[in-house]
Amino acid sequence: MELINKQGVFQQAFHLAKIPIVISLFLTPVRFLLELAGLPEYAIFIIGLLWLTLAFSIYWGFKLYTEKKAYLLLLFNLIIFSPVSRLPVVAAWWIDTKWEIGTHYGLYFDNLVQTLLNHVIYGALVQIIPGFILGSMTILIVRYRKSTPGQTK
């Protein structure tokens, strides 16, 4: 019974992560194209996966605060979303290094293994940890505000 319940939680998390994943798959190519158009890296920094993750963590906090397993769902959302959202970064690295374009994507890593480890594993953790903290804080705050007498429900 517990396995079926966990499967349901995972499926619910996947359902909540689908639209953010689609949005993230467009974000890196847009950022890549803006860099190719000549915008400096500091100007396109705001268009990043970490900021997107933090925004979706707040959104998920509002969506999940009534759920019994809200924190587990939030964590699963982030575990599903974060590594997948990083795959276009690996693609941008490959394009940059193959054709020697000169964007920031090709500056730091020499091979595919380094790129995968740093972007998909480490990069996902950089998204998951602050995303979970911010999403958890959102859940706590919304639960507190909804349970406080005199607050509108």
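For the structure itself, consult the block above.
These figures come from a predicted structure and were not determined experimentally. (Residues numbered from 1 in each chain as written. Predicted model: local features only at pLDDT ≥ 70, side-chain atom pairs only at ≥ 80, totals over all residues. Heavy atoms only, no water.)

Some points on the nonpolar core
Right, so step 1: Ala17, Trp60, Leu64, Leu74 and Phe81 are the most contacted members of the largest nonpolar core, which has 25 residues in total.
Right, so step 2: Those elements giving two or more residues to this core turn out to be helix H1 (2–36), helix H3 (49–64), helix H4 (70–99) and helix H5 (112–147).
Right, so step 3: Examining the composition of this core, we find that 9 residues originate from one element, H4, more than from any other.
Right, so step 4: When residues no more than four places from it in sequence are discounted, the contact partners of Trp60 are Leu16, Ala17, Pro20, Leu74, Asn77, Leu78 and Phe81. (Core = buried A, V, L, I, M, F, W, Y, C linked by side-chain atoms within 4.5 Å. Buried < 20%, exposed > 50% of the residue type's maximum accessible area, 1.4 Å probe, protein only. Helix = DSSP H or I, 4+ residues; strand = E, 2+ residues; numbered from the N terminus. Contact = heavy atoms within 4.5 Å.)

Here we look at the environment of Ile128
Right, so step 1: You can see Ile128 is positioned in helix H5.
Right, so step 2: Overall, the relative accessible area of 13% leaves Ile128 in the buried class.
Right, so step 3: In the structure, Ile128 is positioned 84 residues away from Ile44 in sequence and 22 Å away in space, judged by C-alpha atoms.

Brief notes about the packing of H3 against H5
Right, so step 1: Between H3 and H5, the shortest axis-to-axis distance is 8 Å and the interhelical angle comes to 30°. With respect to H5, the axis of H3 lies roughly parallel. Seen from above, H3 lies across H5 with right-handed handedness. The residues of H5 that touch H3, namely those facing Leu49, Leu50, Thr53, Leu54, Ser57, Ile58, Gly61, Phe62 and Leu64, are Val126, Gln127, Pro130, Gly131, Leu134, Gly135, Thr138, Ile139, Val142 and Arg143. (Axes fitted to C-alpha atoms, helices over the stretch in contact; angles between N-to-C directions. Parallel < 35°, antiparallel > 145°, perpendicular 65-115°, else oblique. Left-handed = near helix turned anticlockwise from the far one by under 90°.)

Brief notes about the packing of aromatic side chains
Right, so step 1: In total, this model carries 9 aromatic pairs according to the counting rule given.
Right, so step 2: In this structure an aromatic cluster arises from ring pairing among Phe56, Tyr59, Trp60 and Phe81.
Right, so step 3: Of note, Lys98 hangs over the ring of Trp99, and the distance from its end group to the ring centre comes to 5.9 Å. (Phe/Tyr/Trp six-rings, centres within 6.5 Å; stacked < 30°, edge-to-face > 60°. Lys NZ or Arg CZ within 6 Å of the ring centre and 35° of its normal.)

Focus on the environment of Val126
Right, so step 1: Turning to its location among the elements, Val126 is positioned in helix H5.
Right, so step 2: The exposure class assigned to Val126 is partly exposed, which follows from its relative accessible area of 34%.
Right, so step 3: Linking Val126 and Ser82, residues 44 residues apart in sequence, is a C-alpha distance of 8.9 Å.

Describing H5
Right, so step 1: Here H5 contains 36 residues, and its C-alpha end-to-end distance of 50 Å stays within 8% of the 52 Å for a straight helix at 1.5 Å per residue.
Right, so step 2: The sharpest bend along H5 reaches about 25° and sits at Tyr122.
Right, so step 3: Here H5 starts with a cap whose side-chain oxygen sits 3.1 Å from the backbone nitrogen of Val113, and that cap is Asn111. (Expected span 1.5 Å × (residues − 1). Bend = angle between axes of the 7 residues up to and from the residue. Polar contact = N/O pair within 3.5 Å; in protein donor to acceptor, adjacent residues only side chain to side chain.)

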